[in-house]
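Examining the three-dimensional arrangement
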Amino acid sequence: MSINLGFYDFFSYLLPGFVYLYAVNDLLRVLGLKYVNLTNLMQAGQEPAFGLVALGLFAAYIVGHIFDPLSLNFFFKFVFRIRNPQGATSISLNMIKERYPKLGIKFVPKDWETLLIILRQRSYETAQSIDRFQADSMMLRNIAFGLLLMALTNVIAFFMTMTVSFLLIALAELFACWMLASESFKFRIWFFTQIFEGSLIYGKSIEEVITYEKGQVSKSKGQKQTSTKIKL
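Residues numbered from 1 in each chain as written. Predicted model: local features only at pLDDT ≥ 70, side-chain atom pairs only at ≥ 80, totals over all residues. Heavy atoms only, no water.

Let's talk about the pattern of salt bridges
Under the counting rule described, the total for this entry stands at five salt bridges. Here Asp 26 makes a salt bridge to Arg 29, at a shortest N to O gap of 2.7 Å. One end of the pair, Asp 26, and the other, Arg 29, are both in helix H1 (residues 3-30), three residues apart, so they sit about a helical turn from each other. Under the relative-accessibility criterion, Asp 26 is labelled buried at 12%. The closest approach of N and O atoms between Glu 197 and Arg 99, which form a salt bridge, is 3.2 Å. In this pair, Glu 197 is assigned in helix H7 (residues 164-199) and Arg 99 in helix H4 (residues 88-99), connecting sequence segments 98 residues apart. (Salt bridge = Lys/Arg side-chain N within 4 Å of Asp/Glu carboxyl O. Helix = DSSP H or I, 4+ residues; strand = E, 2+ residues; numbered from the N terminus. Buried < 20%, exposed > 50% of the residue type's maximum accessible area, 1.4 Å probe, protein only.)

Structure (C-alpha cells):
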C-alpha cells in the first residue's frame, strides 16, 4: 500500500470520526450530561492550542476505528440485507457472469478475499484502484451511520421539548443517511466487481488463479511450434 493510499485510508476513518464525536457530544448535551461546548472553542479571535488539535485528530481517528465495525455489522448489513438479501459479493459476481456469459466463470462469492490478496501481489496498480473503492465505501458508510445517530438525538430532543424543528432536522438527517448509505453500497459493489473482473486475467476459477504462472501461455505456444517443426 502506497503512502498516498495510506493517507486516503487515514481520512476514511478521520472524517467519520469527527462526525461520531459530534453526534456523541450532541447526545450528551441533549441528555443534560457533561459535554464540550463547541461554540466557546470556536469563538472569533481564539486559536485552539496545538495540543488540543492533535488530541482531536487522534480521538477522531480512534473513534472512527471503533465505530466502523458497528456501522458495518449493525447498520449497513442489516439495512441492505433487507433490500438485497444476496449481499454485495453475490450481486457483484452475478454482474460479472452476466457481463461475460461465454467465459464459464467458476468463482464463488467467498473467493473474493483470496483473489484480492493475489491481486495485491501480482498487480499493484489494480489493487490500489480496488482499495480506493473500499475506502470510499467505508467513509460514506460511517458518515451515514453518524447521521443516523444525530437523527436519533434530534428525535429525543423533540420528545423532550416538543419542538417541531428538531423533528424536521431529524428527517433531513435520515434522508441524507439513506442517500450516503446507498452510495456506500454502490462503491462496495464496485469494489467486489473489480476484484472478480481483475482476477479473470489469471483464470476463471480460484484454482486457476492460484496456479497461474506468468510465462505458461508463451511456453505452451513455444511447445506447439516446436512439435510442428519436428513433424515437418
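Let us keep going from here.
Considerations on the nonpolar core
Buried together is how nonpolar side chains tend to be arranged in soluble globular proteins. By size, the foremost hydrophobic cluster in this structure holds 40 residues, and its most contacted members are Phe 75, Phe 107, Leu 115, Phe 185, Phe 191, Ile 195 and Phe 196. Looking at this core, the elements with two or more residues in it are H1, helix H3 (50-83), H4, helix H5 (112-122), helix H6 (124-161), H7 and helix H8 (206-211). Ranked by residues supplied to this core, first place goes to H7 with nine residues. Other than its neighbours up to four places away in sequence, Phe 191 contacts Trp 112, Leu 116, Ile 130, Asp 131, Phe 133 and Gln 134. (Core = buried A, V, L, I, M, F, W, Y, C linked by side-chain atoms within 4.5 Å. Contact = heavy atoms within 4.5 Å.)

Brief notes about the side chain of Asn 154
Within the fold, Asn 154 resides in helix H6. Judged by relative accessible area, Asn 154 falls into the buried class, the value being 8%. Setting aside residues no more than four positions away along its own chain, Asn 154 makes contact with Phe 166, Ile 169, Ala 170 and Glu 173.

Considering H6
For H6, with 38 residues, the first-to-last C-alpha span of 55 Å sits near the 56 Å given by 1.5 Å per residue. Looking one or two residues past H6, Met 162 carries a phi angle of roughly 55 degrees, positive in sign. (Expected span 1.5 Å × (residues − 1).)

A look at the confidence of the model for the protein
Put simply, the protein has an average pLDDT of 82, and 81% of its residues get 70 or more. Per-element confidence in the protein is highest for H7, whose mean pLDDT is 93, and lowest for helix H9 (residues 216-231), whose mean pLDDT is 43. Counting interchain partners and residues more than four positions distant, the pLDDT-below-50 stretch residues 1-5 has nine contacts. Confidence drops under pLDDT 50 across residues 217-232; counting only partners more than four residues distant or on other chains, this segment forms zero contacts. (pLDDT = per-residue confidence, 0-100.)

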